[in-house]
Amino acid sequence: MAGARTYKRGVEFPHEGFVQLAVEAHFRNAGYDLITDGHVDLLCSHPTTGECWHIEAKGQTTQVGLDFRTGLGQLVQSMRCRTTKHGIAVPDIPP
């Protein structure tokens, strides 16, 4: 397993580290096996249902549009399996 991740802006709301940890907790609590040691923010699969997810986490930034498009590009470029569900996790903050 790779070393612990670090986040430039830390793990406080509404930064990416917070979003990442919240998404990991959600899927872990739902019984998914997590893979977080690659170039993807989160890959996970459920041991019983076989359902798989690929999630990119984004926090509040100074370039929201650019960072959102970057997240979309990361998802699209890594789509390898038709049955994997894909998503982008963002903090719930006012526009």
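Residues numbered from 1 in each chain as written. Predicted model: local features only at pLDDT ≥ 70, side-chain atom pairs only at ≥ 80, totals over all residues. Heavy atoms only, no water.

Trainee: In this structure, what is going on with the overall build of the protein chain? I would like to understand it.
Mentor: Counting its regular elements, the protein chain contains 2 helices and 4 strands. What you see for the protein chain is a C-alpha radius of gyration of 13 Å, in line with the 12 Å of a compact globule of 95 residues. Along the three orthogonal principal directions, the C-alpha set of the protein chain runs to about 40 × 25 × 25 Å. Of all 95 residues assigned to the protein chain, the portion counted as buried reaches 28%. In the protein chain, of all internal contacts separated by at least 6 residues, the share reaching a separation of at least 24 is 44%. Carbon and sulfur atoms make up 57% of the accessible area of the protein chain, which amounts to about 6500 Å² in all. Computed over 9 positive and 10 negative side-chain charges, the separation of the two mean positions in the protein chain equals 7 Å. (Helix = DSSP H or I, 4+ residues; strand = E, 2+ residues; numbered from the N terminus. Rg over C-alpha atoms; globule rule 2.2 N^0.38 Å. Buried < 20%, exposed > 50% of the residue type's maximum accessible area, 1.4 Å probe, protein only. Contact = heavy atoms within 4.5 Å. Areas by Shrake-Rupley, 256 points an atom, 1.4 Å probe, with all protein chains shown as cover. Lys, Arg positive; Asp, Glu negative; His and termini not counted. Charge placed at Lys NZ, Arg CZ, Asp CG, Glu CD.)

Trainee: Would you mind going over the environment of Asp37 with me for this structure?
Mentor: Inspection of the secondary structure puts Asp37 in the loop between strand E1 (33-35) and strand E2 (42-45). Judged by relative accessible area, Asp37 falls into the partly exposed class, the value being 42%.

Trainee: Mind showing me how you'd approach the nonpolar core here?
Mentor: For soluble globular proteins, nonpolar side chains are generally found buried alongside one another. Counting 9 residues, the largest nonpolar core is built from Val19, Val23, Phe27, Tyr32, Leu42, Cys44, Ile55, Ala57 and Ala89. For this core, the secondary-structure elements that each account for two or more residues are helix H1 (16-29), E2 and strand E3 (52-57). Residue contributions to this core peak at 3 residues, all from H1. Not counting the four nearest positions on each side in its chain, Leu42 is found in contact with Gln20, Val23, Glu24, Phe27, Leu34, Ile35, Thr36, Trp53, His54 and Ile55. (Core = buried A, V, L, I, M, F, W, Y, C linked by side-chain atoms within 4.5 Å.)

Trainee: Where do I start with the pattern of salt bridges in this structure?
Mentor: Once their charged atoms are close, side chains differing in charge can pair, the charge on each being opposite to the other. Taken as a whole, this structure holds 2 salt bridges when the rule is applied. In this structure, Glu24 and Arg28 form a salt bridge, with 3.7 Å as the shortest nitrogen-oxygen distance. One end of the pair, Glu24, and the other, Arg28, are both in helix H1, 4 residues apart, so they sit about a helical turn from each other. A salt bridge links Glu51 to Lys85; the shortest N-O distance between them is 2.9 Å. With a gap of 34 residues between them, Glu51 in the loop between E2 and E3 and Lys85 in strand E4 (residues 85-89) connect regions that are remote in the sequence. You can call Lys85 partly exposed: its relative accessible area is 37%. (Salt bridge = Lys/Arg side-chain N within 4 Å of Asp/Glu carboxyl O.)

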